[in-house]
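Examining the three-dimensional arrangement
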Amino acid sequence: MALHVGLTGGIGSGKSTVSARLAELGAVVVDYDLLAREAVEPGTPGLAAIRERFGDAVVAADGSLDRPALGAVVVADEAARRDLEAITHPAIRDLAAARVAAAADDAVVVHDHPLLVEMGMAAACDVVVVVDLPPELQVRRLVEQRGMAEDDARARLAAQTSREQRLAAADEVLDNQGSREDLLAAVDALWARLTSDR
């Protein structure tokens, strides 16, 4: 039977590095950010439904979703955000289910999901892994590594679920206060624990 591992962490936590390493080690990674993009590609029912609900202004000239335009609409309007989620979440779930169904019976399936805790998906996982670091370090890395303005970085952190809520859902915590090499070593040790009796 597949082992379902939920992987989450706040913006700038290092979750993508952990996800990539788990894939290298043999995990089947279901990347929900990627699925969210696939669900609204040109020609999909998801994009058609978004166009119907939000109008042509959220579709770019090339027929793709104009993410900044849509973001500007939903960020200030709770009802609009809920409408968008009602369109995208079922499509994302269907895409994820297809990826899981294609995995081998004995696979380690990693659900790489930034909203794992917020969307109540943690309970459906056998193990929940949280990539963690102090918020001040997150802000510093977002500014230094991604070129974000400090105010933007703080606003993005404030919009996400709290560190405490994520940690409360965790079975395993990967501390990412050190170097990239330290984090990769922690992932390797985690993989050994996850696969020791498989």
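Residues numbered from 1 in each chain as written. Predicted model: local features only at pLDDT ≥ 70, side-chain atom pairs only at ≥ 80, totals over all residues. Heavy atoms only, no water.

We now examine the environment of Ala2. By the element assignment, Ala2 lies in the segment before strand S1 (3-8). Measuring from C-alpha to C-alpha, the distance between Ala2 and Ala107 comes to 4.8 Å, with 105 residues separating the pair along the chain. (Helix = DSSP H or I, 4+ residues; strand = E, 2+ residues; numbered from the N terminus.)

If you check which residues of helix H1 (residues 15-25) are buried, you get Lys15, Val18, Ser19 and Leu22. The arc that holds every buried residue of H1, seen down its axis, measures 100 degrees, which confines them to one face. Exposed residues pointing more than 90 degrees away from the buried face of H1 are listed as Ser16 and Glu24. Against the buried residues of H1 lie S1, strand S2 (28-31), strand S3 (108-112), strand S4 (127-132), strand S5 (172-175) and helix H9 (180-195). Gly26 occupies a position one or two residues after H1 and carries a positive phi of about 120 degrees. (Buried < 20%, exposed > 50% of the residue type's maximum accessible area, 1.4 Å probe, protein only. Arc of directions from axis to C-beta. Contact = heavy atoms within 4.5 Å.)

All chains considered together, the criterion is met by zero aromatic pairs. When the ring centre of Phe54 is taken as origin, the NZ or CZ atom of Arg53, which lies over that ring, is 4.4 Å away. (Phe/Tyr/Trp six-rings, centres within 6.5 Å; stacked < 30°, edge-to-face > 60°. Lys NZ or Arg CZ within 6 Å of the ring centre and 35° of its normal.)

Let us now look at the pairing of S5. The two faces of S5 differ: Glu172 and Leu174 on one face are buried, but Val173 and Asp175 on the other face are not. As paired elements, S4 and S5 share four bridges and run parallel to each other. Following the sheet pairing, Val130 is matched in S5 by Val173. (Pairing = 2+ DSSP bridges.)

Another point: the pattern of salt bridges. Summed over the entire model, instances satisfying the criterion amount to 13 salt bridges. Among the salt bridges present, the one from Glu38 reaches Arg99, with a minimum N-O distance of 2.7 Å. Of this pair, Glu38 sits in helix H2 (residues 32-38) while Arg99 sits in helix H5 (residues 78-102); the two residues are 61 residues apart in sequence, bridging distant segments of the chain. Overall, the relative accessible area of 24% leaves Glu38 in the partly exposed class. With a shortest N-O distance of 3.4 Å, Glu78 and Arg82 are connected by a salt bridge. Here Glu78 pairs with Arg82, and both are found in helix H5, just four residues apart, close to one helical turn. For Glu78, a relative accessible area of 43% translates into the label partly exposed. (Salt bridge = Lys/Arg side-chain N within 4 Å of Asp/Glu carboxyl O.)

Strand order across the open sheet formed by five strands is S2-S3-S1-S4-S5, with parallel pairing between neighbours. The sheet is open, and its two edges are formed by S2 and S5, each paired on a single side. Averaged over all pairs of adjacent strands, the angle between their axes in this sheet comes to 20 degrees, without regard to strand direction. As judged from the five bridges shared by S1 and S3, these two strands associate in the parallel manner. Bridging from a neighbouring strand, Gly6 pairs with His111 of S3. Running at roughly 155 degrees to S1, H1 makes contact with S1, S2, S3, S4 and S5 of the sheet. On top of the sheet, H9 reaches S1, S3, S4 and S5; it is set at about 160 degrees to S5, its chief contact. (Axes fitted to C-alpha atoms, helices over the stretch in contact; angles between N-to-C directions.)

Read these as spatial facts, not as claims about activity.
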